[in-house]
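Residue strings, one per chain:
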Amino acid sequence: MDRELLIEIGCEEIPASWLPGLTTQVAQRLDARLADVRLTSESPAESYSTPRRLTARVAKLAERQTDLEDVVTGPPVLAAFTGSGEPTPAAVGFAKKYGVDVGALERHDTPKGTYLAYRVRQRGKATVDVLADVMGGLLRDLTFPKAMRWDAYLEDGRGDLLFARPIRWLVLMYGGRVVPFVIRRTELAQGPTVQDVRSGSNTYGHRFLTTSGRAGRAIKIKTFGDYQARLLENFVILDRSERESKIRRELETHARRLGGRVGSLAAVQSTLLQEVPDLVEYPSVVAGHFPVEFLQLPEEVLTTTMIHHQHNFPVVDDEGRLKSAFLAVINMEPERPEIIARNAERVLAARLRDARFFWDEDRKATLDSRIDRLSTIAFHKKLGSYREKADRVASLARWIAADACGRPEAAAHAERAGRLCKADLATDMVRELTELQGTMGGIYAREEGLPEEVWKAIYFHYLPIGVEADAPPSRAQLDAAAVTWAAVALADKLDSVVGMFSAGERPTGSRDPLGLRRQAQGVVKILADLPELTGLDLRLPIGLLLARAADPFSGYAEWSGPLLAFMRDRLTYLLEQRGYDVRSVRAVTHAGLERTSPLEARRKLEALEEMSAVGATYTSPLHGVATLLKRVKNITKGVEAEPHWAGLQARLTEPAERALWARIDERAQGIREAAARGDYRDAFTGIAALQPAVATFFDDVLVMAEDERLRRARLALVAALRDLILEIADISEIVAEGAP
């Protein structure tokens, strides 16, 4: 009979940003542990979390492990018996290991020959007897951005148990009964109030709220339904989606009472509303106000202070203008919300007074006057100060605008914006509100009356962040500054990525403390969407830009390989995130990154998608050529094409091979011209038109002929076909393994 498994790990408050990943981890790690010990369930584990607990539930878990049956191979039969049939010491030793006679051993056929084998059979244990090991493994398996020592260990011989936060209680129940498990505390930690953590049937409600008795008291539970209901009675909403729904409803209600609506800012939707449900166990909303005179501050200052520093939601009117009001999510249901609102108002007003002081003081000096102070701010110990970085960005931005983009009229603006784009790091506002770097530089430049091409390039130069096609900034936001922005944004990101690689700083695994992946992602995103962002239809190869950005740094040849591989990964990631098939992505990025343009790769993928070459029924002409290209590549490794028909005419006499060369000769120029003008659908159509001639050739002609001159001529012919196709894309990649 299947029974319910319920696990709860009760902790001190876990950081909100960790909880989404941990919630997923708990379910995945539990499923893996149960599979390892041969415990089966009808459905995967469910996981839940609040700031003080990680919960997992398996609705129906088998009462016993499945029986183990495994075949263990021993010595080869040839080495197990003598010529007279007597067992050798190898056979006797193998049988003795499993406590049986040699005659009880089986013979097992393998690709390497016949071996003696023993079939191990082991009856499964009761689930309650293995769950303690599952629990210990689960605690060990969970990973955290930072794990802390809290003077605790498990009796598994692996030393201290590191965890996100100290564990205060533990629920481990199977079929409504507690499974014994203990987390030991070290001798130094133990005392009257610090004891071993033992599994039990008690959970704990909200720290401060209760319907009866005292807040935070122990609550006895038996089943998951009982557990969830009792928590709700004690002001804990277990399901995160329910907490988020409650927050959304109350935000909308309070905003309407204030005569507005919750600000539809990207920061509110993408960060704050994702974070707040993981800060609270029983959310409610209070409304507050701040003095109207603070509305004279830039909107970016107000919203950053409210959202990033106070976790408050701005309120806007019907036209989207900020009102002098905010909404705060709290972790309780207060009897007198006005008291809490008043305290929140005092804290926010104090921060806004500081911001107003910084705003007034910063505007007393120009951005140009702050450039020298950048010499005192280190960029990297091996790369110098931000002043040196600003000089490099200015020079590179000018080159990108004038030479790479072919817009010399934008070069001066790009150079000036590049030189000023880091100047706001020397302002009081950015030192206090670091999230506004770049943004404040643009605002101060606008206040100084600098041209739109300059201040917008500074304002947006840290963007884009995401890889989505509609990730900000948009063409409408950039307007006349589009080309200048692209030059400065590319220059800044390229300088950071190339400079850090030259200094030996590279992302490893999931670690990227310098944000190089994000910056590289911005480079490929700008290049892939250049026409939509700037109106420039330019297929700029990444390699060209990287080489130019590397000019101020030495030893490019030594570290260019890892750098190009890194950028290739970022381009692949962007294209796959856009929904393109991984095989198609490999097809259009097969060439070295020095010659690869993200825009070109994107358009080739669009053409492949239009022609339905991937995911179709493998009957399209292009897919036929792709399938044959796999064969062509295999037989022409190291073979160079012979481009002149005259050299092959005397040796190629079969109708099929003459027809193939004629078809290649007829189509080659059109295919190359289509690719040159960026019409990749036309280019792929030209390649697809080769399919009948290619298929007939391989049906009628033996490429690897015995006559060496004939074989070399035929290999040169198919090599010419190979090179023509690979100039556009390696379409053999779109053929799935095992596909016809």
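Residues numbered from 1 in each chain as written. Predicted model: local features only at pLDDT ≥ 70, side-chain atom pairs only at ≥ 80, totals over all residues. Heavy atoms only, no water.

(A) Representation of the packing of aromatic side chains within the structure. Applying the stated criterion to the full structure yields 15 aromatic pairs. With centroids separated by 5.2 Å and ring planes inclined at 80°, the aromatic side chains of Tyr-556 and Trp-559 adopt a geometry described as edge-to-face. With Tyr-556 and Trp-559 both in helix H21 (residues 556-577) and 3 residues apart, this pair spans about one turn of that helix. Feature note: the residues Tyr-48, Phe-224 and Tyr-227 constitute an aromatic cluster, connected by ring pairs. Taking the ring centre of Tyr-282 as reference, the NZ or CZ of Lys-246 above it sits at 4.9 Å. (Phe/Tyr/Trp six-rings, centres within 6.5 Å; stacked < 30°, edge-to-face > 60°. Helix = DSSP H or I, 4+ residues; strand = E, 2+ residues; numbered from the N terminus. Lys NZ or Arg CZ within 6 Å of the ring centre and 35° of its normal.)

(B) Quick peek at the environment of Ala-325. Considering the arrangement of structural elements, one finds Ala-325 in strand E17 (residues 322-330). Measuring from C-alpha to C-alpha, the distance between Ala-325 and Phe-290 comes to 6.1 Å, with 35 residues separating the pair along the chain. When neighbours within four sequence positions are excluded, Ala-325 is seen to be in contact with Leu-258, Gly-288, His-289, Phe-290, Met-306, Pro-314 and Val-315. (Contact = heavy atoms within 4.5 Å.)

(C) Here's a closer look at the pattern of salt bridges. A complete count under the given rule lists 63 salt bridges for this structure. Its salt-bridge partner being Asp-391, residue Arg-387 comes within 3.6 Å of it at the nearest N-O pair. Of the two residues, Arg-387 and Asp-391 are both situated in helix H11 (residues 386-404); the distance of 4 residues between them amounts to about one turn of the helix. Of the charged contacts in the structure, one is a salt bridge between Glu-606 and Arg-602, with a shortest N-O distance of 3.0 Å. Residue Glu-606 and its partner Arg-602 are both found in helix H23 (residues 598-610); the two are separated by 4 residues, about one turn of the helix. On the basis of relative accessible area, Glu-606 is assigned to the partly exposed category, the value being 27%. (Salt bridge = Lys/Arg side-chain N within 4 Å of Asp/Glu carboxyl O. Buried < 20%, exposed > 50% of the residue type's maximum accessible area, 1.4 Å probe, protein only.)

(D) The packing of helix H26 (residues 655-676) against helix H29 (residues 708-726), seen in detail. Interaxial distance between H26 and H29 falls to 10 Å at its minimum, and their mutual angle equals 25°. Considering the angle they form, H26 stands roughly parallel to H29. By crossing handedness, the relation of H26 to H29 is classed as left-handed. Of the residues in H29, those touching H26 at Glu-657, Leu-660, Trp-661, Ile-664, Ala-668, Ile-671 and Arg-672 are Arg-714, Leu-717, Ala-720, Leu-721 and Leu-724. Of the residues that constitute the contact of H26 with H29, the class distribution is 9 nonpolar, no polar and 3 charged. (Axes fitted to C-alpha atoms, helices over the stretch in contact; angles between N-to-C directions. Parallel < 35°, antiparallel > 145°, perpendicular 65-115°, else oblique. Left-handed = near helix turned anticlockwise from the far one by under 90°. Nonpolar A, V, L, I, M, F, W, Y, C, P; charged D, E, K, R; others polar.)

(E) Region of interest: the domain arrangement of the chain. Along its sequence, the chain is carved into domain 1 (3-64 + 126-233), domain 2 (68-122), domain 3 (240-362), domain 4 (369-604) and domain 5 (617-734). A C-alpha centroid distance of 65 Å is found between domain 2 and domain 4. (Domains from an automatic or database assignment.)

(F) Helix H1 (residues 19-36), seen in detail. Relative to the 26 Å expected for 18 residues at 1.5 Å per residue, H1 spans 25 Å between its end C-alpha atoms, a close match to the ideal helical length. Listed in full, the buried residues belonging to H1 are Leu-19, Leu-22, Thr-23, Gln-25, Val-26, Ala-27, Leu-30 and Leu-34. Summarising the contacts, the buried residues of H1 are in contact with strand E1 (3-11), strand E2 (46-50), strand E3 (53-61) and helix H4 (127-141). Phi turns positive, to about 65°, at Arg-38, one or two residues after H1. (Expected span 1.5 Å × (residues − 1).)

(G) The arrangement of the packing of helix H17 (residues 482-502) against H21 in detail. Packing of H17 against H21 leaves a shortest axis separation of 10 Å and a crossing angle of 140°. In terms of orientation, H17 lies oblique with respect to H21. In terms of crossing hand, the pair formed by H17 and H21 is right-handed. Contact residues: Val-497, Val-498, Phe-501 and Ser-502 in H17; Trp-559, Pro-562, Leu-563, Phe-566 and Met-567 in H21.

(H) Spotlight on the state of the cysteines. Across all of its chains, the model carries 0 disulfides by this definition. Of all cysteine sulfurs in the structure, the one in Cys-405 sits closest to Cys-421, which takes part in no disulfide; the separation is 16 Å. (Disulfide = S-S within 2.5 Å.)

(I) Up close: the sheet that holds strand E4 (residues 68-76). Taking strand neighbours across the sheet as the criterion, the 3 strands line up as E4-E6-E5 in an open arrangement whose pairing is antiparallel. In this open sheet, the two strands that pair with only one neighbour each are E4 and strand E5 (106-110). Neighbouring strand axes in the sheet, compared pairwise and without regard to direction, differ in orientation by 45° on average. Together, E4 and strand E6 (113-122) form the strand contacts of helix H3 (residues 89-97), whose direction differs from that of E4 by roughly 160°. (Pairing = 2+ DSSP bridges.)

(J) Focus on the nonpolar core. Judged by nonpolar contacts, the single largest core of 149 residues is most densely connected at Ile-400, Met-567, Phe-684 and Ile-731. Looking at this core element by element, the count peaks at 14 residues for H17. With near-sequence residues (within four places) excluded, Ile-400 lies in contact with Cys-405, Ala-487, Leu-490, Ala-491, Leu-494 and Leu-545. Judged by nonpolar contacts, the second largest core, of 41 residues, contains Leu-30, Val-130, Val-134 and Phe-144. (Core = buried A, V, L, I, M, F, W, Y, C linked by side-chain atoms within 4.5 Å.)

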